[in-house]
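Structural characterization, general
Listed below, chain by chain, are the residues.
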Amino acid sequence: MTRTQTFRALHHRAEPLVLPNAWDFGSAALLAAEGFPAIGTTSLGVAAAAGLADGTGVTGEETLALARRLARLPVPVTVDIEGGFSDCPATVAEYVGRLAEFGIAGVNLEDGRADTALAGPEHQAELISAIKARTPELFVNARVDTYWLNLEHGATLARAERYTAAGADGVFVPGLTDPDEIGRIVAAIPVPVNILYSATGPSIATLAELGVRRISTGSLLYRAALAAAVDVARAVRDSTPVTTRIPSYREIRAITQPHS
């Protein structure tokens, strides 16, 4: 079974796929070593690490470079490509084709634009169709940003249905936390539904009962890592105990060594 086939199968198990989102090779390798069966990327983490703004379509090269490195991992990887880094369907399809050539199993394609507006659903469907025509085996997770941007909530299902008809393999609705709405969308969409984990939202068990097949952490891990780094630096400065278990230098060095 190829990694792409494995990744697709992970959306059809008895339990939903809990997908942690990494921002560099080290974070991804540690998550894979922890036993997570697949790894995603976080566009915020990739952008911030490069000193760039997330959601503005300027991290195409950084995302490509990271994807090439993550393809070394022993588990399937799906890459967040924001809105595709272009408005041209052929250009987006070619970009995704390069990811597939590296061995990447899936992409997450959002219909939000610059965190302020939604792309036209017809045009977004064209992007999805172009990707599937170029790389039919790749898992395309179509992100619907109506709740994330708090725009056009009533259009969520119509957008999801359009993207599914265009060939999307999954639908992602970040920002949606109402159990009744989640259940309604899951029941109406014939492909796996992805929800963004929220500490104030439904539990993993509840999401599973609602039929959610994939639960992403988004930028949560990256933001938590930044908070932990500052906490440790503060503890060193203030001569207070460092209580967090921190991987050793040798442990981190080991994960970057090629495996025979």
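Attention in this report is confined to the structure presented alongside it. (Residues numbered from 1 in each chain as written. Predicted model: local features only at pLDDT ≥ 70, side-chain atom pairs only at ≥ 80, totals over all residues. Heavy atoms only, no water.)

1. Considerations on the side chain of Thr164
- Of note, Thr164 is situated in helix α7 (residues 156-165).
- Side-chain polar atoms of Thr164 contact the backbone oxygen of Ala160, separated by 2.8 Å. (Helix = DSSP H or I, 4+ residues; strand = E, 2+ residues; numbered from the N terminus. Polar contact = N/O pair within 3.5 Å; in protein donor to acceptor, adjacent residues only side chain to side chain.)

2. A look at the layout of surface pockets
- Reported here for the largest pocket is a volume of approximately 650 Å³.
- In this structure, the largest pocket is lined by 20 residues; those nearest its centre are Trp23, Leu30, Ala225, Ala228 and Pro247.
- Within the residue set of the lining of the largest pocket, elements represented by two or more residues are α2 (25-33) and α10 (220-238).
- When grouped by side-chain class, the residues that make up the lining of the largest pocket number 14 nonpolar, 3 polar and 3 charged.
- Quantified by volume, the second largest pocket comes out at close to 550 Å³.
- In terms of lining residues, the second largest pocket is bounded by 37 residues, among which Arg143, Trp148, Leu196, Gly218 and Ser219 are the most central.
- Broken down by element, the residue count for the lining of the second largest pocket peaks at 3 residues, all from strand β4 (residues 77-80).
- Broken down by class, the residue content of the lining of the second largest pocket amounts to 12 nonpolar, 16 polar and 9 charged. (1 Å grid on protein atoms, 1.4 Å probe; cavity = no way out; pocket = protein on both sides within 12 Å on 5 of 7 lines; lining within 4 Å. Points joined across faces, edges and corners; volume = space filled by probe spheres on them. Nonpolar A, V, L, I, M, F, W, Y, C, P; charged D, E, K, R; others polar.)

3. Digging into the packing of aromatic side chains
- Within this structure, the stated rule accounts for 3 aromatic pairs.
- An angle of 80° between the planes, with centres 5.4 Å apart, marks the rings of Phe7 and Phe139 as edge-to-face. Residue Phe7 is located in helix α1 (residues 3-9), and its partner Phe139 is located in strand β8 (residues 139-143); the two are separated by 132 residues in the primary sequence. Phe139 shares its class with Phe7; the two are buried.
- For Arg72, the ring lying beneath its charged end belongs to Phe25, and the centroid distance is 4.5 Å. (Phe/Tyr/Trp six-rings, centres within 6.5 Å; stacked < 30°, edge-to-face > 60°. Buried < 20%, exposed > 50% of the residue type's maximum accessible area, 1.4 Å probe, protein only. Lys NZ or Arg CZ within 6 Å of the ring centre and 35° of its normal.)

4. Remarks on the side chain of His11
- On the secondary structure map, His11 appears in the loop between α1 and β1 (17-19).
- Judged by relative accessible area, His11 falls into the buried class, the value being 1%.
- Engagement of the side chain of His11 in a polar contact is seen with the side chain of Arg214, the distance being 3.0 Å.
- Those residues within four positions of His11 in sequence are excluded, and the remaining contacts are Leu17, Phe139, Pro192, Arg213 and Arg214. (Contact = heavy atoms within 4.5 Å.)

5. Quick look at a nonpolar patch on the surface
- Taken together, the side chains of Tyr197, Ile204 and Leu220 define a hydrophobic patch exposed on the protein surface, amounting to about 220 Å² of accessible area.
- Its place among the elements puts Ile204 in helix α9 (residues 204-209). (Patch = residues over 30% accessible without salt bridge, like charges linked within 9 Å, V, L, I, M, F, W, Y side chains within 5 Å. Areas by Shrake-Rupley, 256 points an atom, 1.4 Å probe, with all protein chains shown as cover. Salt bridge = Lys/Arg side-chain N within 4 Å of Asp/Glu carboxyl O.)

6. A short note on the nonpolar core
- If you look at the biggest cluster of nonpolar residues, it comprises 55 residues, and the most contacted ones within it are Leu73, Ile81, Leu99, Ile128 and Ile189.
- With sequence-adjacent residues up to four places away left out, Ile81 is seen in contact with Tyr95, Val96, Leu99, Val107, Asn108 and Leu109.
- Judged by nonpolar contacts, the second largest core, of 7 residues, contains Phe7, Leu17, Ala105 and Phe139. (Core = buried A, V, L, I, M, F, W, Y, C linked by side-chain atoms within 4.5 Å.)

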